[in-house]
Amino acid sequence: VRLSPEEAKLMFQDIQKKQKLSSFDIIQAKLTDDIVLDEETSNYINSIFVSKNINLPDNLNATLREYQERGYRWGVTNLHNGFGIILADDMGLGKTIQAIAIILYLKNNGHLKKKTIIVAPTTLLFNWEKEIQRFAPELSFHSYYGPERKIPEDKDIIITTYQLLVRDIEKLAQHKFDCMIIDEAQ
């Protein structure tokens, strides 16, 4: 391959830029085969995307289906690796119970120092309350709804709506949350 001096200069400039890759850039380049890594680094990156065998919390009052357990393990693994989670199962397949199991795991293992906030359509507030009470009664929650809206300090979970999140964003932004669940995010 013949390169002109200008082409070579551009290639070396590009290489110098690539030497300052972030972790995300390296993972992205590995997944698209745009980078060649040593075997140890390559194996490590590949292992990030393999769900670990993480047991369900003993205090979860539910028996999950196999695909729900797989979703739970995948979610916890992603969180341990610094990624977020999108549960996009079809309607009625148990995304809520998977989310509750993940919150319970995080609390049981000391990963939640602050609250979790759940933002959902108004029509699903009662469903979240009912499911938390049924499947994880050890998790305390408060519905941030109605005329006297407050955020109590002694609750694990705050449940609110999209409308109230927008309306009270300044008030809610004064609080720190370790975990945020956006239900019906579409």
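Values in this document were obtained by computation on a predicted structure and should not be read as measured data.

1. A word on the confidence of the model for the protein chain
Working step 1: Residue-level pLDDT values for the protein chain average 87, and 95% of them are 70 or greater.
Working step 2: Taken element by element, the protein chain is modelled with least confidence in helix 1 (residues 5-18), mean pLDDT 72, and with most confidence in helix 6 (residues 125-135), mean pLDDT 96.

2. Structural notes on the side chain of N59
Working step 1: Counting through the fold element by element, N59 comes out in the loop between helix 3 (39-48) and helix 4 (66-80).
Working step 2: Overall, N59 belongs to the buried group, its relative accessible area being 15%.
Working step 3: Looking at N59, its side chain comes within polar contact range of the side chain of N108, at 2.8 Å.
Working step 4: Setting aside chain neighbours within four positions, we find N59 in contact with L104, N108, F135 and E138.

3. Focus on the packing of aromatic side chains
Between two aromatic rings, the relevant description is the distance of the centres plus the angle of the planes.
Working step 1: Per the stated rule, a full pass over the model turns up one aromatic pair.
Working step 2: For the pair Y72 and Y105, a centre-to-centre distance of 6.3 Å together with 80 degrees between the ring planes defines the contact as edge-to-face. With a gap of 33 residues between them, Y72 in helix 4 and Y105 in helix 5 (residues 95-108) connect regions that are remote in the sequence. The same class applies to Y72 and to Y105, which are both buried.

4. Observations concerning the pairing of strand 3 (residues 157-161)
Both faces of the sheet carry side chains from a regular strand, because those side chains alternate between them.
Working step 1: Buried residues dominate strand 3, accounting for five of its five residues.
Working step 2: Residue alternation in strand 3 divides its side chains into two sets, I157, I159 and T161 and I158 and T160, and both sets are buried.
Working step 3: Where strand 1 (residues 115-120) meets strand 3, five bridges bridge the pair, whose relative direction is parallel. The residue of strand 3 that forms the bridge with I117 is I158.
Working step 4: For strand 2 (residues 141-143) and strand 3, the ladder comprises three bridges, and the chain directions are parallel. If you follow H142 over to strand 3, its bridge partner there is I158.

5. Details of the pattern of salt bridges
Working step 1: According to the stated counting rule, one finds four salt bridges in the structure shown.
Working step 2: For K107, the salt bridge identified is with D156, shortest N-O distance 3.0 Å. Remark: D156 occurs in the loop between strand 2 and strand 3 and K107 occurs in helix 5; sequence separation between them is 49 residues.
Working step 3: Its salt-bridge partner being D168, residue R149 comes within 2.7 Å of it at the nearest N-O pair. In this pair, R149 sits in the loop between strand 2 and strand 3 while D168 sits in the loop between helix 7 (162-167) and helix 8 (169-172), placing the two residues 19 residues apart along the sequence.
Working step 4: Residue classification places R149 among the buried residues on the basis of a relative accessible area of 19%.
Working step 5: A relative accessible area of 10% means that D168 is categorised as buried.

6. Quick look at the sheet that holds strand 4 (residues 177-182)
One key point about sheets: their strands pair by backbone hydrogen bonds, in either a parallel or an antiparallel sense.
Working step 1: Reading across the sheet, the four strands line up as 2-3-1-4 and stay open at both edges, with parallel pairing between neighbours. Two strands close off the open sheet at either side, each with one partner strand: strand 2 and strand 4. With direction set aside, neighbouring strand axes in the sheet form an average angle of 20 degrees.

7. Observations concerning the pairing of strand 1
Working step 1: Of all the six residues making up strand 1, six are buried; the element is thus mostly covered by neighbouring parts of the structure.
Working step 2: Burial along strand 1 is two-sided: the face carrying K115, I117 and V119 and the face carrying T116, I118 and A120 are both buried.
Working step 3: Across five bridges, strand 1 lies against strand 4 in parallel orientation. Note that in strand 4 the partner of I117 across the bridge is M180.

Parameters and conventions
The residue numbering used here restarts from 1 in each chain and proceeds along that chain's sequence as written. For a predicted model such as this one, the threshold for reporting local features is a pLDDT of at least 70, and the threshold for listing and counting side-chain atom pairs is 80 or more; totals across whole chains, interfaces and linings nevertheless cover every residue. Note that the side-chain values use all heavy atoms of the structure and ignore hydrogens as well as water. The predictor reports its confidence for every residue as pLDDT, a score running from 0 up to 100. Each helix is a run of DSSP H or I of at least 4 residues and each strand a run of E of at least 2, with the numbering of both proceeding from the N terminus. Burial status follows relative accessibility: with a 1.4 Å probe on protein chains alone, a residue under 20% of its type maximum counts as buried, one over 50% as exposed, and anything between as partly exposed. Polar contact is defined as a pair of N or O atoms within 3.5 Å, subject to the rule that within protein one atom must be able to donate a hydrogen and the other to accept it, and that residues adjacent in sequence are counted only when both atoms are side-chain atoms. Any two residues whose heavy atoms approach within 4.5 Å at even a single point are treated as in contact. Ring pairs are drawn from Phe, Tyr and Trp, using the six-membered ring of Trp, whenever the two centres fall within 6.5 Å, and their geometry is named by plane angle: stacked under 30 degrees, edge-to-face over 60, tilted for the rest. If DSSP finds at least two bridges between two strands, the strands pair. Salt bridges are counted wherever a side-chain nitrogen of Lys or Arg sits within 4 Å of a carboxyl oxygen of Asp or Glu. Between N-to-C directions, angles cover 0 to 180 degrees, with each direction set by a line fitted to C-alpha atoms, over the stretch in contact for helices.

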